[in-house]
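Fold and geometry: a report
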Amino acid sequence: MHATKSPRERAFLVGVELTGDRSPWSAEDSLRELALLADTAGLEVVGSAYQRLKHPFPKHFIGPGKIAEIAALREEYGYDLVVFDDELTPAQTRNIEEILKTRVLDRPGLILDIFASHARTHEGRIQVELAQYKYLLPRLRRQWTHLERQAGGGGGSAGGVVGLRGPGETQLETDRRLISRRITMLEEQIRDVHRQRELYRARRRRSGIPVVALVGYTNAGKSTLLNAIAGADVRAEDRLFATLDPTTRQVTLPGGQEILLTDTVGFIQKLPHELVAAFRATLEEINEADLLLHVLDITHPNAAQQTDTVLSTLADLQADQRPMLTVLNKVDRLDGVVEGDLAKLAGDLGLPDDYIAISAQQGWGLDTLRQRIEDTLSQRMSQFSAFIPYKRNDLVALWRQRGTVDEERFEAEGTFLSGRLPVAVAGQLAPFKV
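All of the points below concern the structure found in this document.

**Focus: unusual backbone geometry**
- The residue Asn219 is not glycine, and still its phi comes out positive at about 70°.
- With respect to the secondary-structure elements, Asn219 resides in the loop between strand S5 (211–216) and helix H9 (222–230).
- Using a relative accessible area of 24% as the deciding quantity, one classes Asn219 as partly exposed.

This is the structure:
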């Protein structure tokens, strides 16, 4: 009997810790996360190493002694691939490969590979493809170093080949032009996505349905929470970037108000800028949300660093001023932790006091979360009172779906309602205002 499944590539991980760097992530913690990324990509991690430096070396990113050490470990570990925890320049990648005699990949390239394998929708695929091409374009040279000029002008003395003399375009130039054309086409498709999303958001604003967006670090449990609250069937796995494509579901809150709950792509430290640019049309949903739910895995040993990464990413997206509730997920895994201990843990992480502790997997605390969402959204609505004739009971139903009702009286000619409404819905009820 012979195994038919291809063996996993063996990867060796390399990191750098810069002295004076203000990043909250240590080299060890960042390499542990890189190992999870490698596993998600289907690699088998066989070893790792890191170096403390004042600044990266221009030629090999790490020092010559460390690169020689890693090369000497090739026989012991039998690695097929070396993955760096930081972005390398094309020249650095080429120089390292010449010494190690094996393939070299950096963190952005690894994340892009994961995104490419996990994207399911047409929109997700074109976003990832655009990011991949933008990442690949400046790195084309090392892909074609073995190719010579296709056609050299200048006749036989210049080394021209009969039948191939011409402008002398290299394979590299051909590929660069083809990729540039593909990037232009994909960017036009992304602009179409942006226009379609903007039309959708305009209709949504007119309807007055509040939007609540789930944000957080990858694998914090956002998809599991969406499934638990909305009864959705979004793919949820205990691994990084299990889901990429945004999903929106309609949810009814305890008071009868309807909201749209949106699951967004998870954040991660050192997220490739090509991905942020390509996914901007999708990430704009965060800027349009009436409320953000920051879902945090409270059991993760790097919860503080993950929180810092999420808040920094929101600031980069100019969404850090949106109303936000902090949701501490996976509390069922905190054995023996009481409420006081949880409050101290949240305080040590610098989290706000009004957090909500839940377990999306077990369903703990979800009723409290729904009520907090409703209360928070209510604070952003305007107080409104109206007398609505019975022949316009459709407006009564609209009020119950979009707003909150504090008082309701049935009278001879119609229904008196008082409560809070989104501005868009209040405009439709203006003729009946009292």
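**Examining the environment of Leu53**
- Relative to the elements of secondary structure, Leu53 occurs in strand S2 (residues 44–53).
- Linking Leu53 and Thr19, residues 34 residues apart in sequence, is a C-alpha distance of 6.1 Å.
- Residues within four places of Leu53 in sequence aside, it is in contact with Val16, Glu17, Leu18, Thr19, Phe61 and Ile62.

**Some thoughts on the packing of aromatic side chains**
- Under the defined criterion, the tally for this structure stands at five aromatic pairs.
- With a centroid separation of 5.5 Å and an interplanar angle of 40°, the aromatic rings of Phe12 and Tyr79 are classed as tilted. Residue Phe12 is located in strand S1 (residues 10–18), and its partner Tyr79 is located in the loop between helix H3 (74–77) and strand S3 (81–84); the two are separated by 67 residues in the primary sequence.
- When its relative accessible area of 0% is taken as the criterion, Tyr79 is described as buried.
- What links up through ring pairs into an aromatic cluster is the set Phe12, Tyr77 and Tyr79.
- The ring centre of Tyr135 lies 3.8 Å from the NZ or CZ of Arg139, which sits over that ring.

Conventions and cut-offs
Residues numbered from 1 in each chain as written. Predicted model: local features only at pLDDT ≥ 70, side-chain atom pairs only at ≥ 80, totals over all residues. Heavy atoms only, no water. Helix = DSSP H or I, 4+ residues; strand = E, 2+ residues; numbered from the N terminus. Buried < 20%, exposed > 50% of the residue type's maximum accessible area, 1.4 Å probe, protein only. Contact = heavy atoms within 4.5 Å. Phe/Tyr/Trp six-rings, centres within 6.5 Å; stacked < 30°, edge-to-face > 60°. Lys NZ or Arg CZ within 6 Å of the ring centre and 35° of its normal.

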